[in-house]
Amino acid sequence: MINTSLQHFCNHAKSAGQITEADLRRLMRDVLPDGIGSREEADMLIALERAVPAEPAFGDYLIAAVVDFAVWGERPTGRIERETAVWLAGSLSGRSGPTPVAARIAVEIVREAQSSAENLMAFALAANSWSRQPGEARRPSFALAA
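The shown structure was predicted, so the numbers you read here are calculated from the model rather than taken from an experiment. (Residues numbered from 1 in each chain as written. Predicted model: local features only at pLDDT ≥ 70, side-chain atom pairs only at ≥ 80, totals over all residues. Heavy atoms only, no water.)

1. A look at the packing of helix H3 (residues 39-51) against helix H4 (residues 56-73)
Relative placement of two packed helices is described by the angle separating their axes and the distance separating the axes. Heads up, the rule is: Helix axes are fitted to C-alpha atoms over the stretch in contact, other axes to C-alpha atoms as well, and angles between N-to-C directions run from 0 to 180 degrees. The helix count covers DSSP runs of H or I at least four residues long, the strand count covers runs of E at least two residues long, and both are numbered beginning at the N terminus. What sets the label is the angle itself: under 35 degrees gives roughly parallel, over 145 gives roughly antiparallel, 65 to 115 gives roughly perpendicular, and the rest give oblique. Crossing chirality is assigned from the near helix's rotation relative to the far helix, an anticlockwise turn below a right angle marking it left-handed and a clockwise turn marking it right-handed. Working rule for contacts: check all heavy atoms of both residues, and any pair within 4.5 Å makes them a contact. Side-chain classes are defined by residue name, with Ala, Val, Leu, Ile, Met, Phe, Trp, Tyr, Cys and Pro counting as nonpolar, Asp, Glu, Lys and Arg as charged, and the others, Gly among them, as polar.
Between H3 and H4, the shortest axis-to-axis distance is 11 Å and the interhelical angle comes to 155°. The angle between H3 and H4 places the two elements in the roughly antiparallel class. For H3 against H4, the interelement crossing comes out left-handed. Contacts between H3 and H4 pair Arg 39, Leu 45, Ile 46, Leu 48 and Glu 49 from the former with Phe 58, Leu 62, Val 66 and Phe 69 from the latter. The residue inventory of the contact of H3 with H4, partitioned by class, reads seven nonpolar, no polar and two charged.

2. A word on the side chain of Ser 93
Worth spelling out the cut-off: Accessible area is worked out with a 1.4 Å probe on protein chains only. A residue is then buried under 20% of its type maximum, exposed over 50%, and partly exposed in between. Under the rule applied, a polar contact is a pair of N or O atoms within 3.5 Å (in protein, one hydrogen donor and one hydrogen acceptor; residues adjacent in sequence only if both atoms are side-chain atoms).
Within the secondary structure, Ser 93 is located in helix H5 (residues 82-93). Given a relative accessible area of 7%, Ser 93 falls into the buried group. Here Ala 89 takes part through its backbone oxygen, which lies 2.8 Å from a polar atom of the side chain of Ser 93.

3. Some points on the nonpolar core
Our working rule: The nonpolar core is taken to be a set of buried Ala, Val, Leu, Ile, Met, Phe, Trp, Tyr and Cys residues, with the residues joined through side-chain atoms within 4.5 Å.
Membership of the largest hydrophobic core comes to 45 residues, with the highest contact counts inside it found for Leu 27 and Ile 109. Those elements giving two or more residues to this core turn out to be helix H1 (4-16), helix H2 (21-31), H3, H4, H5, helix H6 (100-112) and helix H7 (118-131). In terms of residue count, H4 provides more of this core than any other element does, ten residues in total. For Ile 109, the contacting residues outside a window of four places in its chain are Val 66, Val 67, Ala 70, Val 71, Ile 80, Leu 88, Ser 116 and Leu 120.

4. Some details on the environment of Arg 79
The residue Arg 79 is located in strand S1 (residues 79-80) in this model. The exposure class assigned to Arg 79 is partly exposed, which follows from its relative accessible area of 40%. Sequence-wise, Arg 79 and Ala 113 are 34 residues apart; in three dimensions their C-alpha atoms are separated by 5.5 Å. With sequence-adjacent residues up to four places away left out, Arg 79 is seen in contact with Val 71 and Ser 115. Side-chain polar atoms of Arg 79 contact the side chain of Glu 81, separated by 2.9 Å.

5. So, the environment of Ala 117
Within the secondary structure layout, Ala 117 lies in the loop between strand S2 (115-116) and H7. Owing to a relative accessible area of 12%, Ala 117 belongs among the buried residues under this scheme. Along the backbone, Ala 117 and Val 86 are 31 residues apart, and their C-alpha atoms lie at a distance of 9.2 Å. Apart from residues lying up to four places away in sequence, Ala 117 is in contact with Ile 80, Glu 81, Arg 82 and Ala 85.

6. Focus on the packing of H2 against H4
Relative to each other, H2 and H4 sit at 25°, their axes nearing to 9 Å. By the angle between their axes, H2 is roughly parallel relative to H4. The hand of the H2/H4 crossing is left-handed. Here H2 contributes Leu 24, Leu 27 and Met 28 to the contact with H4, which in turn contributes Ala 57, Phe 58 and Tyr 61. Taken together, the residues that form the contact of H2 with H4 break down as six nonpolar, no polar and no charged.

7. Quick word on the pattern of salt bridges
Going by this rule: A pair is scored as a salt bridge if a Lys or Arg side-chain nitrogen falls within 4 Å of a carboxyl oxygen belonging to Asp or Glu.
Summed over the entire model, instances satisfying the criterion amount to six salt bridges. For the salt bridge of Arg 104 with Asp 60, the shortest nitrogen-to-oxygen distance reads 3.3 Å. Pair noted here: Arg 104 is in helix H6 and Asp 60 is in helix H4, with a separation of 44 residues, a long-range link. On the basis of relative accessibility, which here comes to 42%, the residue Arg 104 falls in the partly exposed class. Note on Asp 60: relative accessible area 44%, which makes it partly exposed. Look at the salt bridges and you will find they share partners, linking Arg 39, Glu 74 and Glu 83 into a network.

So this is what it looks like as structure tokens:
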């Protein structure tokens, strides 16, 4: 279930056309003081990062929050199972491939987890190299299931 205040936060950011440092402080203090609590919340913030220009600090927050949720909030704790890896790869890649922030999320999840499904490791490697390529040459397709 989506946190109503998170929905309002995302709506505000989308209509403002940006995420400022003040917005980030409000997100951390008032909207998600305990971090991301569900896949839906993670999906919403990942989509927001893709849709709206943001302060670099928002990317850093998003990376830490998604890693914390995926590795330590999902079960089994500390492990990324195949089903979770499929969800993450789908959410992080969106329709046109991962953003640089999404690629960093995938890499950091693989680093933080005690074990990760092979499909997430392959996705993280591909996303990391894809996000470093310039311009329109970077439109690969990602296998979401292995």
